[in-house]
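Residue strings, one per chain:
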Amino acid sequence: MPTSSAERTGGGGSALATRGLVAGYGDVVVVHGVDLDVAEGRLVTVVGPNGAGKSTLLKAILGLSRVMDGHVVLDGDDVTGQPLELLARRGIGYVPQVDDVFETLRVSENLEMGGYLLDKSERAARVDEVLEIFPALKPKMRRYLGTMSGGERKMTAVARALMLAPRVLVLDEPTAGLSPALTRVVLEEQARALASHGKAVLLVEQKAHAALEISDWAYVLVRGAVAKSAPAREVLADPDMAEIFLGAAVRDGGVK
Amino acid sequence: MKLLIEAIGFGIATGAVIALGAVGFSVQFGISNVLNITYGSMMTLAAFVGYAFLQLNVNVWIVMAITSAVIGVASVVFNRILLEPLKRRGTSFVGIIIATVSAAIVLQYAIVVFVGATAHSFGEQSGRTLTVLDLVFTTSQVIIICTTVALMVGFHLLLTRTKIGRAMRATSTNRTVARACGIRTERIIDFTWLLSGAMCGAAGVALAITTVSFDFTLGSTFLIYMIAAAVLGGIGQPYGAMVGGLVVGIASQVAGAYWSPAYQDVIAFVILIIMLLVRPRGLFSAGAVTRRLANT
Ligand SMILES: Nc1ncnc2c1ncn2[C@@H]1O[C@H](COP(=O)(O)OP(=O)(O)OP(=O)(O)O)[C@@H](O)[C@H]1O
Ligand SMILES: [Mg+2]
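Just so it is clear, the model here is predicted, and its values are computed rather than measured. (Residues numbered from 1 in each chain as written. Chains lettered and ligands numbered in written order. Predicted model: local features only at pLDDT ≥ 70, side-chain atom pairs only at ≥ 80, totals over all residues. Heavy atoms only, no water.)

Colleague: So what about the sheet that holds strand β3 (residues 43–47) of chain A? Which residues, and what values?
Modeller: Residue and element names in this part refer to chain A. Spatially, β6-β7-β8-β3-β9-β10 is the arrangement adopted by the six strands of the open sheet, whose pairing is mixed. The open sheet has two edge strands with one neighbour each: β6 (92–95) and β10 (225–231). Averaged over neighbouring strand pairs, the angle between their axes works out to 15° when direction is ignored. In the sheet, β3 pairs with strand β8 (residues 200–204) via four bridges, with the strands oriented parallel. Bridged to threonine 45 within β8 is leucine 203. Against the sheet, helix α6 (residues 150–162) engages β6 and β7 (168–172), with an angle of about 170° to β6. (Pairing = 2+ DSSP bridges. Helix = DSSP H or I, 4+ residues; strand = E, 2+ residues; numbered from the N terminus. Axes fitted to C-alpha atoms, helices over the stretch in contact; angles between N-to-C directions. Contact = heavy atoms within 4.5 Å.)

Following this line, the structure appears as structure tokens:
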């Protein structure tokens, strides 16, 4: 991919990139031509008001919303519109914002399903590794997801996505409903640590401040377009940001 | 008393056929989330496909196996050319039910075009009789009961003990996350329709074997029994469908023997309505059964 991506993300070329991505649902265009780069070893966060199109952007990358124009590039290959199961097999892990677990299955079975592509012994070993990250799940392995709290579900969802040890991780608000302590665990010990271990991590977060503090690069998405693309530190320090954020949110009626 | 015992015997035999059909229906609904009304007409199709093979002097049980395979494949094709495209267009659950109702009617009358509206018969297939605890069964009834039990156990083990079975349950619960796990859900769905369609085919032939004569309405009139059994047992639960089939079968036969055969259908409806009111998720409520399903 273009050299600019490497410069922008400060990494050695993009693991995941979009070029002029236009996407939406049916005839409705939600995402208007987004260029985005996530290099290996980088944590890139997309922030923006409710309804800005963050989830739709992620879904477009994963072949789940309709791509009307532009490209999705994975490791230099055009994978636009490829089915999610193939992307998963190519090393993308995805945690959706909602409906992110198998409700009628146990925690253990959710993790097993996460490791569907692994063979039995690998899978068992990987479950142990993932449980080291989320020890709170250990005593709950036999519980059904339908009977668990929001935070426990999120943990299970992220743990499930980690089962395949994806090289590229796409997380849509992984800390929603988590306590401040667990938010820190997921952001710092998970997202940040995974990036530091060489993964490319693309994060969408409402908790903009907490997310930007640990991110390498930030995109601010407003009404489906990139309003700002800069090192996370800069975005964090930008006095206009809070205003853009809230201003746009109020205009879109999206403040919760 | 003799009347009761006889009715129970008939009920078990009828119940086995209902259960056979109900398991396929129930698993189809439970895994692919489609309430497929065409299932009844598919059973009718099975009866006539079986009838055609029977005319070639093929053994009736081999006919059943071949027909199972044919209807299994037909169900996969049906799902792919009609239901999946509708789902992709975002058609609602109810919209899809209406499509299957329409398809059921089209298929039923397509059958009429080919074979007419006259009654057909598999002829005398019952074989010797067998007495178990005062209950009299024909050989073919015994074979059907055994087949039903074997398929039921097989289905249960498939869903709970095998990787593909777990993938089926995962796919039914959350297709997107299943895909994110790398599961090729389209194949899982195809496999579900193949198996449930095969059950439908086997049930259609079993029904034709056990009734004196049948016509193009065979499956559609039987559908209500299977729906009642599936609802009674809890959707998607193979064992539930078996118990449901037995209860519906025995209840309808007993009602038929004591009041009037005209009440047989009524009983199925009454059971269905009571179940929907009292335990919409079936005797074995979802949680309980999912738990049992998962208790490997
Ligand atoms: N399945 C859908 N069909 C049609 N429109 C949709 C669908 N999902 C989302 N939208 C619309 O797309 C727009 C962007 O939604 P999206 O979920 O991408 O926002 P978001 O930035 O993720 O918001 P949030 O922060 O609340 O999660 C919204 O106006 C929404 O109404
Ligand atoms: Mg969102």
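Colleague: Explain the coordination of the magnesium ion (ligand 2) residue by residue, including any values.
Modeller: Residue and element names in this part refer to chain A. Note on the magnesium ion (ligand 2): its protein donors are Ser55 (OG) and Gln97 (OE1). The metal-donor distances range over 1.9 to 2.0 Å. Highlighted residues: serine 55 in helix α2 (residues 54–61) and glutamine 97 in the loop between β6 and α4 (107–114), separated in sequence by 42 residues. Residue serine 55 is classed as buried on the basis of its relative accessible area of 16%. (Donors = N, O, S within 2.8 Å, 3.2 Å for Na, K, Ca; no water. Buried < 20%, exposed > 50% of the residue type's maximum accessible area, 1.4 Å probe, protein only.)

Colleague: Summarise the pattern of salt bridges; cite the residues concerned and give the values.
Modeller: Per the stated rule, a full pass over the model turns up 17 salt bridges over all chains. In this structure, Arg167(A) engages Asp75(A) in a salt bridge whose closest nitrogen and oxygen atoms are separated by 2.8 Å. With Arg167(A) in the loop between α6 and β7 and Asp75(A) in the loop between β4 (66–74) and β5 (77–78), the pair connects residues that are 92 residues apart, well separated along the chain. Among the residues examined, Arg167(A) registers a relative accessible area of 38% and is labelled partly exposed. The partly exposed category is assigned to Asp75(A), whose relative accessible area is 32%. In this structure, Glu84(B) and Arg175(B) form a salt bridge, with 3.5 Å as the shortest nitrogen-oxygen distance. Here the residue Glu84(B) occupies a position in helix α3 (residues 60–88), and Arg175(B) occupies one in helix α7 (residues 175–180), the gap between them amounting to 91 residues. What makes Glu84(B) buried here is its relative accessible area of 11%. With a relative accessible area of 25%, Arg175(B) lands in the partly exposed category. In the salt-bridge network here, residues are joined through shared partners; they are Glu84(B), Lys87(B) and Arg175(B). (Salt bridge = Lys/Arg side-chain N within 4 Å of Asp/Glu carboxyl O.)

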